Amino acid sequence: MIKPRVYVTRRTLQPGLELLSSRCEVTVHQGEEPPSREELIRNIRGKDGLLCMLTDRIDSEVIGAAPSLKVISSFSVGVDHIDTAEATRRGIYVTYTPGVLTQATADLAFTLMMAAARRISEADRYVRNGEWKIGWSPTMLLGEEAYGKTLGIVGLGRIGSAVAERALGFRMKVLYHSRTRSPEKEKKLNAEYRSLDDLLKESDFVSLHIPFTEKTRQIIDRQKLGLMKKNAVLINTSRGQVVDEDALAEALEKGWIAGAGLDVYSTEPLPADSPLLKLKNTVLSPHIGSATHQTRSLMSEITAKNLLAVLKGEEPPYLFNPEVKEIRPLSEIKVF
Ligand code: DGY
């Protein structure tokens, strides 16, 4: 029997690759860098499945280069790098990895919140750069406290809710803004709904947990940053494009807000001339929300299971575009 052909755009951890290789003929892009656009288009030709990363732009041209493609399995929860409407139109199943990275990403959001509040990056540089000359001082590196403060969560999905759970342990007042209100979550997480403007005005910490879409592009812009408290800290572990980064740099520089903890940027890697790099009151990490051994290993397994399920004509564990089933039912896909 001919094995289905699959292209994997980066070497991932073992469990997934082993699973895929047992059933498919797998081509894995070698090297640490993502494949170039030309490589992507060349390698996707004739493939039944694609396992891609959030750094691969899977637009209509790439999708169009692979008429036999049946499934795009993304090694991410965000799918803003994929033209999902075009995939659906062509009957291609798009799968992703929600759930498995919730706790790791919520941990990072909380880490950035605490690190920005207590100026940990600055403190670390202070020690390493030999600036620590006086053993202890009543005014050295004063920061903000999180315990008992108000946390505003924008987007109360899986990750936003996991951040709210952590905040309960810090006796924080939790506010949230979401497309839809959820009375059950409000009860479970002791969270109060607010309009986005009111949330920004009332919160000491604001953590963003929304996907990047045309509707959320720069949803946190200059005007919104202007609503925040002077002592407020903004945390972003979702997508850089949901914030106007120039306005944020200005807000941080001019003291409209106290600090920021950022894991994601509108351009990644962050360009060397980004004004954010010069600001003391920012804690910056390089898009590592899901970067734990445990989570990445699970992501590897889930991406493979998602992909194999579709090729077997079975419901994948995490399907992003269920409406695709009306265009091409799973029974028509079954290749093994
Ligand atoms: C994702 O998977 O979309 C996250 O950004 C990873 O950190």
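One structure accompanies this document, and this report is about it. (Residues numbered from 1 in each chain as written. Predicted model: local features only at pLDDT ≥ 70, side-chain atom pairs only at ≥ 80, totals over all residues. Heavy atoms only, no water.)

1. Section: the nonpolar core
Counting 52 residues, the largest nonpolar core has Leu20, Tyr93, Met113, Leu151, Ile153, Met172 and Phe205 as the members making the most contacts within it. It is helix H5 (residues 102–117) that contributes the most residues to this core, 9 residues altogether. Formed jointly, this core draws a minimum of three residues from each of two domains, domain 1 (5–100 + 293–333) and domain 2 (102–284). Excluding anything up to four places from it in sequence, Ile153 contacts Gly160, Val163, Ala164, Val174, Leu175, Tyr176, His177, Leu199, Ser207 and His209. (Core = buried A, V, L, I, M, F, W, Y, C linked by side-chain atoms within 4.5 Å. Buried < 20%, exposed > 50% of the residue type's maximum accessible area, 1.4 Å probe, protein only. Helix = DSSP H or I, 4+ residues; strand = E, 2+ residues; numbered from the N terminus. Domains from an automatic or database assignment. Contact = heavy atoms within 4.5 Å.)

2. Some points on the pairing of strand E3 (residues 49–52)
The side chains of a regular strand alternate between the sheet's two faces. Residues Gly49 and Leu51 line one face of E3 and the alternating positions Leu50 and Cys52 line the opposite face, and both faces are buried. Relative to E3, strand E1 (residues 5–8) runs parallel, the two being bridged by 3 bridges. Looking at E3, one finds that Val6 is bridged to Gly49. Here E3 runs beside strand E4 (residues 71–74); their pairing, made up of 4 bridges, is parallel. (Pairing = 2+ DSSP bridges.)

3. Thoughts on the pattern of salt bridges
One pass over the structure, following the stated rule, counts 24 salt bridges. Across the pair Arg11 and Glu32 runs a salt bridge, and its minimum N-O distance is 3.2 Å. One end of the pair, Arg11, is in the loop between E1 and helix H1 (14–23); the other, Glu32, is in the loop between strand E2 (25–28) and helix H2 (37–44), and 21 residues separate them in sequence. Taking the shortest distance from any N to any O, the salt bridge between Lys229 and Asp204 comes out at 3.0 Å. Residue Lys229 is located in the loop between helix H10 (222–227) and strand E10 (233–236), and its partner Asp204 is located in the loop between helix H9 (196–202) and strand E9 (205–208); the two are separated by 25 residues in the primary sequence. Accessibility expressed as a relative area gives 29% for Lys229, which makes it partly exposed. (Salt bridge = Lys/Arg side-chain N within 4 Å of Asp/Glu carboxyl O.)

4. A few points about the site of the ligand
Around the ligand, the neighbouring residues are Leu54, Ser76, Val77, Gly78, Leu101, Arg239, His287, Gly289 and Ser290. Between Arg239 and the ligand, the recorded distance is 2.7 Å, taken from a side-chain N or O atom to an oxygen atom. In this structure, Ser290 approaches the ligand through a main-chain N or O atom, which is 3.4 Å from an oxygen atom. Contact with the protein chains hides 95% of the accessible area of the ligand, taken as 230 Å² for the molecule alone. Class assignment for the residues of the shell around the ligand results in 3 nonpolar, 5 polar and 1 charged. (Near = heavy atom within 4 Å. Polar contact = N/O pair within 3.5 Å; in protein donor to acceptor, adjacent residues only side chain to side chain. Areas by Shrake-Rupley, 256 points an atom, 1.4 Å probe, with all protein chains shown as cover. Nonpolar A, V, L, I, M, F, W, Y, C, P; charged D, E, K, R; others polar.)

5. Points about the packing of aromatic side chains
By the definition in use, this model includes 3 aromatic pairs. For the ring pair Tyr96 and Phe320, a centre distance of 5.3 Å and an interplane angle of 85° mean the geometry is edge-to-face. Note that Tyr96 is positioned in the loop between strand E5 (93–95) and H5 and Phe320 in the loop between helix H12 (293–312) and helix H13 (324–327), a separation of 224 residues in sequence. The residue whose ring lies beneath Arg23 is Phe336, and the NZ or CZ to ring-centre distance is 4.2 Å. (Phe/Tyr/Trp six-rings, centres within 6.5 Å; stacked < 30°, edge-to-face > 60°. Lys NZ or Arg CZ within 6 Å of the ring centre and 35° of its normal.)

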